[in-house]
Amino acid sequence: MRYVSTRGKVEPFDFAHDKPKGFSEILLEGLAADGGLYVPEAYPQVYADELTAMRRMTYPELAFAILSKYADDILADDLRSIVNETYTKENFGSEEVAPIKKLEENFYLLDLCQGSTLAFKDMALQFLGRLFEYALEKKKETLNILGATSGDTGSSAEYAMSGRRGMNVFMLSPLGRTSEFQRRQMYTLQDKNIFNVAIRGTFDDCQDIVKQINGDAEFKKKYHLGAVNSINWARIAGQVVYYFWGYFKATKTNSESVSFSVPTGNFGNILAGYVAKRMGLPIKHLILATNENNVLEEFFKTGLYRPRIGKEVHATSSPSMDISKASNFERYVFDFVGCDAKRISELWGNLNKKGSFEISNSERTHISEDGFIAGSSTHANRLATIRSILEKYNVLIDPHTADGVKVGLEHREREVPLVCLETAQPVKFAATIREATGQETTVPTRFEKFRDLPERFTALDPNTNEIKAFIASALH
Ligand SMILES: *Cc1c(COP(=O)(O)O)cnc(C)c1O
């Protein structure tokens, strides 16, 4: 499997080592050198016989079957061990890893939030942490991950990387502005390779500092700085697995098709669904749900892509979907423009110049052919959906899941199973749950382990030089 950049200016061949640019290389690289995103040269196909065999697999077996198609330059036995260590009952609460909940005939929730931070990002990041450790050891390299978090992605990354060899994590979070649950979760990690930097400022300050440090090529190189953001292809590959899993759990035979509804922010989760469909999984519709930040709803309905900037980005009650531009979206656009890197450069050139782009009518036809449907949800919709799912099925869902359920139900077809992805546990968003239902949520006992641990963090002013000095001294 070779990987190419969506901007087309990176050779898919590594001449220095006389081999194609494979999974192991793009794993640690992040963004391609030409500013594009890495994508596989072609999607591996799963034919009828293999699909039949997959139906009987356990979660780790299925994960290996799918991931080995993408990570074909990692020794099969090594990949199998990594996958087997990742998708365990200990890490995800049950052998099922991603249990399906049947609400009624042809209406399901696929529970992706049993991992250590109670949100679906653990599904891929737990795999990524082990994979990074393995790849760094092979290359005899070290990696220092620098990131900014408003609470969620950062803690998932810290849990995935904590205690792993060859890497450290420097995570900037705004002091006093994360939820109590998020703060306890991150700051109580006791591993020496985790550095919580609490910035006396806002999340934007944290992000600006990360950007400034990344702009200092010399510093970046000297201290081996990298990221684990959502553009990493290995994360997408790790998410493809649960679409197959959910499909098998919601159907009896491979002649049936299902529709998935996905609460969407950076377009990572739903992109994985699209990849699964391209690999041959019988998916009818991919239902994309946004909150008030409906950039992608607008695109899928009109062909206009116009990321919001500054004050146009709303702070909503499904905060993990409050994005301005969807970082994985370019991968999908690359496909429907026929893998034409020139066209991508043209579209993104327009984006940089005018703040938006519009695709042609013929390009637009791909959207419906690919099975995408889009819709959005408001705070009031979210509350009503949480309430009605609780009343009807006695199941409590989180606000992000509620966005997906609301839009999913609007497009439900009676004879096609609808699988709504459950992306976080309600306890993480206690205030919204209280507003919707009057109920208090409790932390499952499995996650109470951090209750009595001391918090480890360093509070610093939003001063880039001070943060640099902190990183430098921590690494000496
Ligand atoms: C990150 C996140 C999303 C959005 O997923 P994308 O891959 O960014 O589209 C939805 N719900 C929750 C709870 C999340 O943490």
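This write-up is about the structure you can find in this document. (Residues numbered from 1 in each chain as written. Predicted model: local features only at pLDDT ≥ 70, side-chain atom pairs only at ≥ 80, totals over all residues. Heavy atoms only, no water.)

Description of the pairing of strand S8 (residues 167–174)
Quick note on the threshold: Burial classification: accessible surface area is computed with a 1.4 Å probe over protein chains only, and a residue below 20% of its type maximum counts as buried, one above 50% as exposed, and the rest as partly exposed. To qualify as a helix, a DSSP run of H or I must reach at least 4 residues; to qualify as a strand, a run of E must reach at least 2; elements of each kind are numbered from the N terminus. Two strands form a pair only when DSSP identifies at least two bridges running between them. Handedness rule for crossovers: strands pointing away from the viewer, path from the first strand over the helix to the second running clockwise, crossover right-handed.
Summarising burial for S8: eight of the eight residues are buried, a large majority. Of the two faces of S8, the one carrying Met 167, Val 169, Met 171 and Ser 173 and the one carrying Asn 168, Phe 170, Leu 172 and Pro 174 are both buried. As paired elements, strand S7 (residues 143–148) and S8 share six bridges and run parallel to each other. Along S8, the bridge assignment pairs Asn 144 with Asn 168. This β-α-β element, S7 to helix H7 (residues 152–161) to S8, shows right-handed connectivity. Here S8 runs beside strand S9 (residues 194–199); their pairing, made up of six bridges, is parallel. From the neighbouring strand, Leu 172 faces S9, where its bridge partner is Val 197.

Considerations on the nonpolar core
Defined as follows: In this description, a nonpolar core means a group of buried Ala, Val, Leu, Ile, Met, Phe, Trp, Tyr and Cys residues linked to one another through side-chain atoms lying within 4.5 Å. Throughout, a residue-residue contact means that at least one pair of heavy atoms, one from each residue, lies within 4.5 Å.
With 108 residues, the main nonpolar core has Phe 244, Phe 267, Phe 300 and Phe 329 as its most contacted residues. Counting residues per element, this core draws most heavily on helix H11 (residues 233–250), which supplies 13 residues. Apart from residues no more than four positions distant in its own chain, Phe 300 is found in contact with Phe 267, Leu 288, Phe 329, Tyr 332, Ile 367, Phe 372 and Ala 374.

Considering the site of the ligand
The following threshold applies: It suffices for a single heavy atom of a residue to lie within 4 Å of a molecule or strand for the residue to be listed as near it. We define a polar contact as two N or O atoms separated by no more than 3.5 Å, with the added condition that, inside protein, one atom must be a possible hydrogen donor and the other a possible acceptor, whereas residues neighbouring each other in sequence contribute only through side-chain atom pairs. Side-chain classes follow a simple rule in which Ala, Val, Leu, Ile, Met, Phe, Trp, Tyr, Cys and Pro form the nonpolar group, Asp, Glu, Lys and Arg form the charged group, and the remainder, Gly included, forms the polar group.
For the ligand, the set of nearby residues contains 14 residues, the closest of which are Lys 121, Gly 265, Asn 266, Asn 269 and Thr 423. In this structure, Asn 269 approaches the ligand through a main-chain N or O atom, which is 2.9 Å from an oxygen atom. In the environment of the ligand, a nitrogen atom lies 3.0 Å from a nitrogen or oxygen atom belonging to the side chain of Thr 423. Partitioning the shell around the ligand into residue classes produces five nonpolar, eight polar and one charged.

So, the packing of aromatic side chains
Note the following rule: A pair of aromatic rings is counted whenever rings of Phe, Tyr or Trp (Trp by its six-membered ring) have centres within 6.5 Å, and the orientation is called stacked for planes under 30 degrees apart, edge-to-face for over 60 and tilted otherwise.
Inspection of every chain in the model, using the stated rule, returns 34 aromatic pairs. Ring centres 5.6 Å apart and planes at 65 degrees place the aromatic pair Tyr 247 and Phe 248 in the edge-to-face group. No difference in accessibility class separates Tyr 247 from Phe 248, as the two residues are buried. Within the aromatic cluster, the residues linked to one another by ring pairs are Tyr 43, Phe 267, Tyr 274, Phe 299, Phe 300, Tyr 305, Phe 329, Tyr 332, Phe 336, Trp 348, Phe 357 and Phe 372.

So, the pattern of salt bridges
Any two side chains of opposite charge can pair if their charged atoms end up close together. Under the convention used in this document: Throughout this description, the term salt bridge denotes a Lys or Arg side-chain nitrogen within 4 Å of a carboxyl oxygen of Asp or Glu.
For the coordinates displayed, the defined rule picks out 24 salt bridges. Arg 412 is the partner of Glu 104 in a salt bridge, and the nearest nitrogen-oxygen pair spans 3.1 Å. Note that Glu 104 is positioned in strand S5 (residues 100–104) and Arg 412 in the loop between helix H18 (399–410) and strand S16 (418–422), a separation of 308 residues in sequence. Overall, Glu 104 belongs to the partly exposed group, its relative accessible area being 28%. Note that Glu 137 is salt-bridged to Arg 165, the shortest N-O span being 3.1 Å. Within this pair, whereas Glu 137 is found in helix H6 (residues 121–139), its partner Arg 165 is found in the loop between H7 and S8, the two being separated by 28 residues in sequence.

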